[in-house]
Structure formats: structure tokens, C-alpha cells
Amino acid sequence: MKTISGKIVDVVARTVKKGVVCIENGKIVEIKAAENVDDQYILPGFVDAHIHIESSMMLPAEFARYSVVHGTVACVCDPHEIANVCGIEGVDYMIENGKQSPLKFYFGAPSCVPSTHFETSGAELDAGAVDKLLQRDDIYFLAEMMNFPGVIHKNKQVQAKLDAAKRLGKPIDGHAPEISGEDLRAYAAGGITTDHECMTIAEAEAKIALGMKIQIREGSAAKNFDDLLPLVSKYPDKIMFCSDDKHPDDLLRNGHINSLVRRAVAQGYDVMDILRICSLTPVKHYKLDVGLLQKGDAADFIVVDNLTEFNVIATYIDGEKVSENGIPAFPRYSPTKLLNQFNAEKIGLEQLVVKPIGKMLRVIEVDNGQLMTRLVLKTPKIKDGNVISDTENDILKMVVYNRYQPSKPAIGFIKNIGLKRGALASTVSHDSHNIVAVGTSDEEIVSAINQVIDSKGGILACEGDRVCLLPLPVGGVMSVDEGSVIARLYEEIDAMAKELGSTLNAPFMTLAFMSLLVIPELKLGDRGLFDGKNFKFVELME
């Protein structure tokens, strides 16, 4: 029998008592009171209530090595990034890879592959496919239902997916930015149980009133933690913490859910409320086999030095020590199989010519740290009969190029990226993961796109002959490298993007969401410029 002593934090009973945790065969067999214990705290491990592992650019087993050191014992995962590229084969790939690590991954059935029928993805999961996934024991929920118009207007395919989840007793995750009034009531009535897209307290409270739990998100691009944290005071049992999308350098340098716990407690919120938010609430909501430091539970817990800084001394999963003092205690796993789908052909300058048909240009305006955009009308810059990037006014040409089948590149313009030189390109572009690029000239954009095509996926910053590239051979969204190598390469590319003029905190993460059509107001898909409020294509100029 294994024993660990300290001050035991019981989030169920809301107590802290000195004692000894007794472990046998991966389970907690007894918790005994004791006076002479080690000067440390034992508490349930942290759960990320909503994350796309693919956005870390690490495979699940590698992600595990860099999250357990921060006290994470489980992640509730939506694999729709890889599913949009490779379908069910991609979901299976993530599940099997995750099994090569002790971290507990709980995957859902992607509900929106593709996220809309206004774009081209590498696969499609219809209601029948989703139903079959939900019947599996290794699929725990219906992942975020981004097609809110389909829920509101009772689209048959959408309704069948919702009905399957309800029939099988599996939770349904939501995704409904800025939906309100009767539309929100209709959306919630579809059986939606969570939302991670709130930007204001009022929006969150409207959803809570309809029975949803709010996942307060603090990712690498979208950051809503500070705005929404006051919800904890009134609704502690309706809140979970999540990262949604976490870039590799952010995970390594800044931590995971532990950093949110530390920040919340530092702002004066009740420590027991905060610990329940990132353990008990997601465990109960998703019916996870994750221990909560109760007799008979799986021995999933962390040891920290105090309840203010939460410095993680050790992390245990199923009774095994999986990290100690910031070092993972299990080896990395190198996959023998790579999964991808990439059929794009190189493009030429002539394919990026935009004739000025109209007086004003519809421009995507972005805000630093937010996924939502605005539609603004701007006077175009024209040279030799071609609408071109206007660096003086920070209005840059943007391209989304289908990587699954031959097609014409879709062209738009975007404001607030900030580049003064060069171009950026990436195959991490939600949710279909076509090639997205932005640049200061057509020549730079073409160069960036073609180099990404040569690598069969990756993120890249370039200026002339100078190139910084992170190859992503798994689905065009993940690397097979060691996590610190991925983080270093990403940091180099991020630094180059900022050297080229970008003022965004996370330029590549922001760029990745500019093709996500389901988040308003204006986005660019591989088939054209899209109005996300009215769910229709619009012309580039008017």
C-alpha cells in the first residue's frame, strides 16, 4: 500500500484536514486523520473542461507530458480539428495516441464536420456517423454544436445528432456567441448544456438562466477570464474553467488550468469554490472516471506547496506519480503512423488579382485577443488595376486556399494584423484547416502559400528568402516533435511575425480563426467572404 500525507483538501465536503491518503491498485482505499503530516496540500487534480488538443500542435501523448506538470489530470477534448481533416479515422488516431500516456483524455463526437456547408473540409460526419460515435464507450459527449442556426431552426441532421446524444444520456456542448432572446431559448431547448463563447456577464447570465453551465475560457487567442470571473461569486456551481485552444509556448511557459486557479484565488475568490470549478463540476457534468479524493475513487490528485501559489510538487493519476517538481515521470511516445490529407497545387500571382468592382471594400476587422470580428467598409488601395495590401492603413490581403481539391483561392482583406513586411501562412485554420495566409504583397503571399504546400502542412513566416517554418505533418495541424522543440519553433515564428510588424499577442492563433465562419461578424472561407450573422456569402466590394 502507498501512502501520502499532508493537508487533504476535500472539495466535496468543503474541508481541509490533516491526514494520510492510502492507495492500492490505483484506488484510494482509505483516508485517515493524522496529526504529524508532511507540510503540503493534497487536492484533486485539475480538469480542462474544453480543449482542442490539436491547437497545441502536439499529439495527445506529448501534450500530456507538458500538462501533468501543471497539475492537470484530465482533459475534455473535442477532436473536431483532426476530424475535419481525416474524419472518424482522425478521431480514432487521437484516442489511440492519448492512450500512450497516463493523462485522462475524454473525447467527444464532433458535431459539426464540416462546421458549415459553406466551406470545404476533408471529411463529413453526418447524423448517422455521429450516432455511431456516441454509442461508443470511449466517446463521452456531443462536442460543441456550432451550427446554432441548425439548432434554432430544427435542421433534420442537426436535430438527429442532438436526439442521439439525449437518447444515450451524453451531454451536449454548446457554442453560441452573441445569441440572445428567442434564438437563445430555442438553442438551449435543443438540449445544450454548456457554452464557452461568452464575452460578457450579461450574456453568460442569460445562458445560465436557461440551464447552461459556463466554461470560462482563457486560451492563447481568446481570453475571457477577467471579464467573466465575477460570475463565480453568484454561480460557483455553474462554472468550469477551460483553455479551448492552447499554443505550445503558452502551455510550457505560462501553465494550464493551474494558472487560472492561482489568478482567481489571488483576486479573493473562495479557494474551495475555485477548486470545485476545475475538478468536481466537470467530473460530475461529463461523468468522468476522475477521482475527487474520496474513498473508492481513482487516485487522481496533486500535491502542492500552498493554497495561494499552487506550485505543483507532484501529480498522481491512478495512483502513479506522473510528474515531480516540473518533470514528467513517463517517457515520450513517438508515433509510427502519420495521418494527413493534402492535395493542394501551387498557386501563381495571377490567381490573387482582385479587380475593383465597386467603390468600397468589405474588410474583416480584428481585435487583439478576440475571435469575433467586425465588418468595416474601407477605400481600397489599387495598383495596376489590382486591389492590393495597404500597409499604411493596415489593410492586408488575406487568402484561404482549399487544400483538399483543386479550386480558386478565396480572397479577402483584413485590418489590425499589423504586418509591415512579409507574409504569414498556416494550415491551422479553423475548422476545415485549409491554407490561410496574409501578407503585405501578392508576391509574399504566393511564396508563403507555396512553401506551406511543399511541407504538406505547417505554419510559416517569411520575408523574401528568409523563412521560418514549423512543419505539421499530422493532419496539417500537429507535429511529431518533442514538445519543447515545437514550442521553440513556434516562438521563433511568432517572434518573426512580430518583427515583421504584427501587434497581436498571438498572430497565428488569431489568423487561424479568421476562417471560422460560425463566429461573427465577417470571416473568409475557401469559397468566399462570409457574413456570420446572417449566414450568407457577401461580395468583397460594394
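Residue numbers here run from 1 along each chain, matching the order of that chain's written sequence. Local features in this predicted model are restricted to residues of pLDDT 70 or higher, and side-chain atom pairs are both shown and tallied only at a pLDDT of 80 or more, whereas totals for entire chains, interfaces and linings draw on every residue. Think of the side-chain values as coming from all heavy atoms in the structure, minus any hydrogens and water.

## Examining the domain arrangement of the protein chain
Definition in use: Each domain's extent is set by a domain assignment, obtained either automatically or from a database. Note on contacts: a residue pair qualifies if any of its non-hydrogen atoms lie within 4.5 Å across the two residues. We define buried area as the total accessible area lost by two parts upon association, computed with a 1.4 Å probe and summed across both. In what follows, salt bridge is the name for a side-chain nitrogen of Lys or Arg lying within 4 Å of a carboxyl oxygen of Asp or Glu. In protein, a polar contact requires one atom able to donate a hydrogen and another able to accept it; more generally it is a pair of N or O atoms within 3.5 Å, and residues adjacent in sequence count only if both atoms are side-chain atoms. Put simply, DSSP marks the helices as runs of H or I at least four residues long and the strands as runs of E at least two long, and each gets a number from the N terminus on.
Along its sequence, the protein chain is carved into domain 1 (46–289) and domain 2 (349–529). The centre of domain 1, based on its C-alpha atoms, is set 26 Å off from the matching centre of domain 2. Domain 1 puts 44 residues into the contact, and the matching count from domain 2 is 43 residues. Between domain 1 and domain 2, roughly 3600 Å² of surface is buried when both sides are summed, and carbon and sulfur atoms account for 63% of that area. On the domain 1 side of the contact with domain 2, Met57, Thr120 and Ala221 bury the most area, a combined 20% of that side's loss. Connecting domain 1 to domain 2 are two salt bridges. Among the ionic pairs, arginine 65 bridges to glutamate 482, the shortest N-O distance being 3.8 Å. Summed over the shared surface of domain 1 and domain 2, the result is 17 residue pairs in polar contact (both at pLDDT 80 or more). Elements with a contribution of two residues or more to the side of domain 1 that touches domain 2: α1 (60–67), α2 (80–98) and α10 (248–254). Broken down by element, the side of domain 1 that touches domain 2 gets its largest block of residues, seven residues, from α2.

## Remarks on unusual backbone geometry
In this structure, the amide linkage connecting valine 113 to the following residue, proline 114, adopts the cis form with an omega of 0°. Structurally, proline 114 can be placed in the loop between β7 (104–109) and α3 (127–134). Of note, the amide linkage connecting histidine 430 to aspartate 431 takes the cis form, showing an omega dihedral of -5°. Note that aspartate 431 resides in the loop between β23 (423–426) and β24 (435–439). At aspartate 318, a residue that is not glycine, the phi angle is positive and equals roughly 50°. Position of aspartate 318 among the secondary structure elements: in the loop between β14 (312–317) and β15 (320–324). Phi at asparagine 325 takes a positive value of approximately 50°, unusual for a residue other than glycine. One can find asparagine 325 in the loop between β15 and β16 (327–328).

## Some thoughts on the UniProt feature "domain: Adenine deaminase C-terminal" (unreviewed entry) in the protein chain
Rules: UniProt positions are given in the numbering used here, feature names are shortened, and annotations may be inferred rather than shown by experiment.
UniProt records the feature "domain: Adenine deaminase C-terminal" (unreviewed entry) for residues 370–536 in the present numbering. Secondary structure across residues 370–536 divides into 22% helix and 33% strand, with the first and last C-alpha atoms of the span separated by 22 Å.

## A few points about the pairing of strand β26 (residues 466–471)
Rule in force here: Strands qualify as paired when DSSP identifies two bridges or more between them.
By the bridge criterion, six bridges tie strand β25 (residues 458–463) to β26 in an arrangement that is antiparallel. Residue pairing for β26: alanine 461 is matched across the bridge by cysteine 468. Here β25 folds back onto β26 in antiparallel fashion, the turn holding two residues, of which glycine 464 has a positive phi close to 60°.

## Here we look at the sheet that holds strand β2 (residues 15–24)
Pairing is mixed in the open sheet, where eight strands are placed in the order β3-β2-β1-β4-β13-β14-β15-β16. Edge strands, defined here as strands with exactly one partner in the open sheet, are β3 (27–33) and β16. Sheet topology places strand β1 (residues 2–10) next to strand β4 (residues 41–44); two bridges connect them, and they run parallel. If you follow isoleucine 8 over to β4, its bridge partner there is isoleucine 42.

## A word on the state of the cysteines
Note the threshold: Two cysteine sulfurs form what is called a disulfide whenever their separation falls within 2.5 Å. Classification of residues uses two cut-offs on accessible area relative to the type maximum, computed with a 1.4 Å probe and protein chains only: under 20% is buried, over 50% is exposed, and between them is partly exposed.
Overall, the coordinates contain zero disulfides when judged by the stated rule. Cysteine 112 takes part in no disulfide bond, and the closest cysteine sulfur, belonging to cysteine 242, lies 17 Å away. Unpaired in this structure, cysteine 462 has its nearest cysteine sulfur neighbour in cysteine 468, at a distance of 10 Å. By relative accessible area, cysteine 462 is classed as buried at 0%.

## A word on the environment of isoleucine 53
Among the secondary structure elements, isoleucine 53 is positioned in the loop between β5 (46–51) and α1. Owing to a relative accessible area of 0%, isoleucine 53 belongs among the buried residues under this scheme. In contact with isoleucine 53, other than residues within four places in its own chain, are Met58, Leu59, Pro60, Phe63, Cys77, Met94 and Phe105.

## Some points on the UniProt feature "domain: Amidohydrolase-related" (unreviewed entry) in the protein chain
If you check UniProt for "domain: Amidohydrolase-related" (unreviewed entry), the listed places come out as residues 41–322 in our numbering. Spanning residues 41–322, this segment combines 39% helix with 20% strand, and its end C-alpha atoms are found 17 Å apart.

## Quick word on the side chain of serine 121
Relative to the helices and strands, serine 121 is located in the loop between β7 and α3. Residue serine 121 is classed as buried on the basis of its relative accessible area, which comes to 15%. A polar side-chain atom of serine 121 sits 2.6 Å from the main-chain carbonyl oxygen of alanine 123. In contact with serine 121, not counting residues within four places along its chain, are Asn84, Pro114, Tyr404 and Ser432.

## Describing the nonpolar core
Rules: Side-chain atoms within 4.5 Å are what join buried Ala, Val, Leu, Ile, Met, Phe, Trp, Tyr and Cys residues into a set we call a nonpolar core.
Leu43 and Phe241 are the most contacted members of the largest nonpolar core, which has 187 residues in total. Broken down by element, this core gets its largest block of residues, eight residues, from α2. Ignoring sequence-local partners within four residues, the contact set of leucine 43 consists of Val9, Leu275, Leu293, Phe301, Ile302, Val304, Leu307 and Phe310. In this structure, Ile23, Leu293, Phe301 and Val303 belong to the second largest nonpolar core, which totals twelve residues.

## A few points about the environment of glutamate 218
On the secondary structure map, glutamate 218 appears in the loop between β11 (213–217) and α8 (225–228). The class of glutamate 218 is buried, set by a relative accessible area of 11%. In this structure, the C-alpha to C-alpha distance between glutamate 218 and histidine 256, residues 38 residues apart in sequence, is 9.4 Å. Polar contacts involving the side chain of glutamate 218 include one to the main-chain amide nitrogen of asparagine 224, which spans 3.3 Å. Of the polar contacts made by the side chain of glutamate 218, one reaches the side chain of arginine 263; its length is 3.1 Å.

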